[in-house]
Structure formats: C-alpha cells, structure tokens
Amino acid sequence: MPSFNTSFRSCLCLLLALFSLMGAGCIKPKITVFPDASEPLKEYVLQGSSKERILVISIKGFISESGKEFSLRRKPGTLQEVVAQLKKAEKDGNIKAVILKIDSRGGSVTASDMLFHEIAAFKERTRVKVVAVIMGIAASGGYYIALPADCIVAHPTSITGSVGVIFLRPNVSGLMDKIGLSVETDKSGKNKDMGSPFRKATKDEEKIVQEMIDGMAARFLDLVVAHRKLSDKAKADVATARIYVAADALRLGLIDRIGYLDDVLRTTAQMAGLGEDPSIVVYRRAEIHDDTYYNSSSMRPSDMPQINLIDLGLSEAVPPLLSGFYYLWLPGGPE
C-alpha cells in the first residue's frame, strides 16, 4: 500500500500538470453562475466640494488585456478598466488632474505597453496633469505604466524597479515521462512549436527567445532613460533588473519624491493649479459605504462572488500560467 507522502506527491504532480495544461491552452474550463460585473462607471465624491476635481484611478494586481477567466463573475481586465476610466475623465472638463494609484508587480509585455500608450495619449489629448503613486509595489510593468506621469511618488516602504523582461513557459516533459504520457506534434517548420510545455527547448530556440527578451528589455530601459533622464551610472544599475526600496529609487531618479497619499493629493493640486480643497473623486460601478481613496475596487464587496469553485487565488499569486513574455517581478521564479 503506498504511503500517504507518496500519494500526496502523486496528487500534487497531477495538479501541477493540470494547471500547466490549462496555461498551455489545452484545458480551459469556465463556469459562469453570476452575470458579468458590467454596471457603468459612475462618479463618487470622496472629499471636497469644489467644481474642479482630481480623479483617483486604482491599478492593482496583474496587468492584463483580458478579464479574469476563472471567477464566477467575470471581472474586467486591468487595461479595459483603466482605459474606460480615462475615457470617462476625458469627457469631463472639470477633471483637472489624475492620480494613478499603482499596486502591481506587472503583467504581460503587451498589456503593460498598451496601458503606457493609453496613459500617454490621454495626457497628450487633455493636457491634464498625471501623478503616479506607488503603493506597496510598482515593479516591472507596474513601473512601466507610471512612466508617462508628470510626477512619480512612492511610499517610504514601497518596492519598485525590476526593469526587465521574463519569458515563462511551463515544462511538464519530466512529469509526462514519469507517468507515461506523450504528445505527438506534426508541424510545418522546426520552430513552429517553440515554447511547448511538452519538451525541452533546443539551443537554437533558447537563442531566439533570448534575442526577443533583449529587444523588449531594451525598449523598456530606453523608455525609462527617456522619461526619467537617468545618468549612465544609474542606467547600468537599473539594467540589472533588480528591485529597489523607495530611498534607492529616489537616489537613482526612478521616482521624484517619497510621501503618503495625503502628500500626493497636495502635490497634485499644486501641479494642476487648484485650490487647497479640490474635490477628490473616483469612478465606481456601485456606491461603497465609508469609501476612501485607499479602496482599490470599483465594485462594492457584495457585488463580488462569495462562492468560487475554481479560483483559489492562484491567478494573483502565480499569474503567468500561460507561456509568454512578461514585464513582471516574479520572486522565487524558476532559474
């Protein structure tokens, strides 16, 4: 009779294989019990009574083009949600400044770059002042989207940096060998299944991927240098893709100042030429009692599903189950 530890390891291996296959697109279950969270965005005033307003937009979690696939109620993706708020703000001439409240380790290369472009384009069209404030983390793609801001502020304990690219691909070939499972592939070219989770990469494939990574990393670093005016010494340090605490980020020029949200509100009001008590507003899909600018959700807690059959939080803890390129700080990731 197999021991408990042996049975547990076998079950764990099968679960890991299942998640890897989901990431590769082979299995994609979807259970929908509640309707989409599709209520239109409405403006809510958090404080102040002035006609001139500062909008606070929260950008939290994994940056993606698509919504959450495994929750019982679909949640809009980061790109969709932020762009929807920017477009609503663009139609309101009384929005004089925008604060991007960022708490994200990053996300996909494309979604991060699209969001960067949308924020920069919004600034260009409206001439509205934009301030980015780093909450707990704005690393990699989370920092990338802060670059268009007129000012970047971090809390004293914030983490930022990780200016680089990571390519992730599940590899279940070893597990498949152990359980006697194989996948036969017919292809038109030798590189057609490059990045497959069912076999190890060849040397040529590793070289191709590294060249792509280097190109994407160079774009990221060039944007940082252009927006932040880094010295050659700072550029060399940042190019290592390491993370920084707020004090080091300030020293290198990655951020402009260190402070708290109330400091950010005062700074933003001054930059936009507003009075001492401008209205602070948010866009929500429902009214939230005792709301403050620390809240990062556009929906009230009762709108969120209380029962979840599939989503165990893995999408936030280990978001990149899909093979791909990411502007993402993933501590403890594979070598």
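Residues numbered from 1 in each chain as written. Predicted model: local features only at pLDDT ≥ 70, side-chain atom pairs only at ≥ 80, totals over all residues. Heavy atoms only, no water.

Caption draft 1: Quick peek at the pairing of strand S11 (residues 279-284). Judged by how many residues are buried, S11 sits mostly within the fold: six of six residues are covered. Side chains Ser279, Val281 and Tyr283 project from S11 onto one buried face, and the interleaved Ile280, Val282 and Arg284 project onto a second face that is buried too. In terms of strand pairing, strand S2 (residues 53-60) meets S11 through three bridges, oriented parallel. Pairing of arginine 53 across the sheet is with serine 279, part of S11. (Buried < 20%, exposed > 50% of the residue type's maximum accessible area, 1.4 Å probe, protein only. Helix = DSSP H or I, 4+ residues; strand = E, 2+ residues; numbered from the N terminus. Pairing = 2+ DSSP bridges.)

Caption draft 2: Molecular detail of the environment of threonine 268. Among the structural elements, threonine 268 can be located in helix H9 (residues 261-271). Taking the C-alpha atoms as reference points, threonine 268 and valine 98, 170 residues apart in sequence, are found 8.1 Å from one another. Residues within four places of threonine 268 in sequence aside, it is in contact with Ile54, Ala97, Ile99 and Val131. (Contact = heavy atoms within 4.5 Å.)

Caption draft 3: Region of interest: the nonpolar core. Val98, Leu100 and Leu254 are the most contacted members of the largest nonpolar core, which totals 55 residues. Among residues more than four places away in sequence, those in contact with leucine 254 are Tyr143, Ile152, Val224, Arg228, Leu230, Val238, Tyr244 and Ala249. (Core = buried A, V, L, I, M, F, W, Y, C linked by side-chain atoms within 4.5 Å.)

Caption draft 4: Inspection of the packing of aromatic side chains at higher detail. Counted by the stated rule, this structure contains six aromatic pairs. Seen in terms of ring centroids, phenylalanine 62 and tyrosine 326 are 6.0 Å apart; in terms of plane orientation they differ by 45°. Their pairing is tilted. Residue phenylalanine 62 is found in the loop between S2 and helix H2 (78-90), and its partner tyrosine 326 is found in strand S12 (residues 324-328); the two are separated by 264 residues along the sequence. Each member of the pair, phenylalanine 62 as well as tyrosine 326, carries the same accessibility label: buried. Pairing tyrosine 144 with tyrosine 327 gives two aromatic rings, centres 4.8 Å apart and planes at 25°, and the pair type is stacked. Note that tyrosine 144 is positioned in helix H4 (residues 141-144) and tyrosine 327 in strand S12, a separation of 183 residues in sequence. When its relative accessible area of 1% is taken as the criterion, tyrosine 327 is described as buried. One aromatic cluster is present, built from ring pairs that chain together Phe116, Tyr144, Phe220 and Tyr327. (Phe/Tyr/Trp six-rings, centres within 6.5 Å; stacked < 30°, edge-to-face > 60°.)

Caption draft 5: Structural view of the packing of H2 against helix H3 (residues 109-126). Following both chains from N to C, one finds H2 and H3 inclined at 5°, their axes separated by 10 Å at the closest point. The orientation of H2 relative to H3 falls into the category roughly parallel. Each of Thr78, Leu79, Val82, Val83, Leu86, Ala89 and Glu90 in H2 lies in contact with H3, whose residues at this interface are Ala111, Met114, Leu115, Glu118, Ile119, Phe122, Arg125 and Thr126. Its residues placed into classes, the contact of H2 with H3 shows 10 nonpolar, two polar and three charged. (Axes fitted to C-alpha atoms, helices over the stretch in contact; angles between N-to-C directions. Parallel < 35°, antiparallel > 145°, perpendicular 65-115°, else oblique. Nonpolar A, V, L, I, M, F, W, Y, C, P; charged D, E, K, R; others polar.)

Caption draft 6: A look at the side chain of arginine 53. Structurally, arginine 53 can be placed in strand S2. In this structure arginine 53 comes out as buried when scored by relative accessible area, which is 12%. At 3.2 Å, the side chain of arginine 53 and the backbone oxygen of lysine 51 are in polar contact. Those residues in contact with arginine 53 that sit more than four places away from it in its chain are Glu43, Asp92, Asn94, Ile95, Lys96, Ala97, Ser279 and Val281. (Polar contact = N/O pair within 3.5 Å; in protein donor to acceptor, adjacent residues only side chain to side chain.)

Caption draft 7: Expanded view of the sheet that holds S12. Pairing is antiparallel across the open sheet formed by three strands, whose spatial order is S4-S12-S8. At either end of the open sheet lies a strand with only one pairing partner, and these are strand S4 (106-108) and strand S8 (166-168). With strand direction ignored, the average angle separating the axes of adjacent strands in the sheet is 30°. For S8 and S12, the ladder comprises three bridges, and the chain directions are antiparallel. When the bridges of S12 are listed, phenylalanine 167 appears paired with phenylalanine 325. Along the sheet face, H3 touches S4 and S12 and points at about 110° away from the line of S4. With respect to the sheet, helix H6 (residues 203-228) is in contact with S8 and S12, its orientation differing from that of S12 by roughly 30°.

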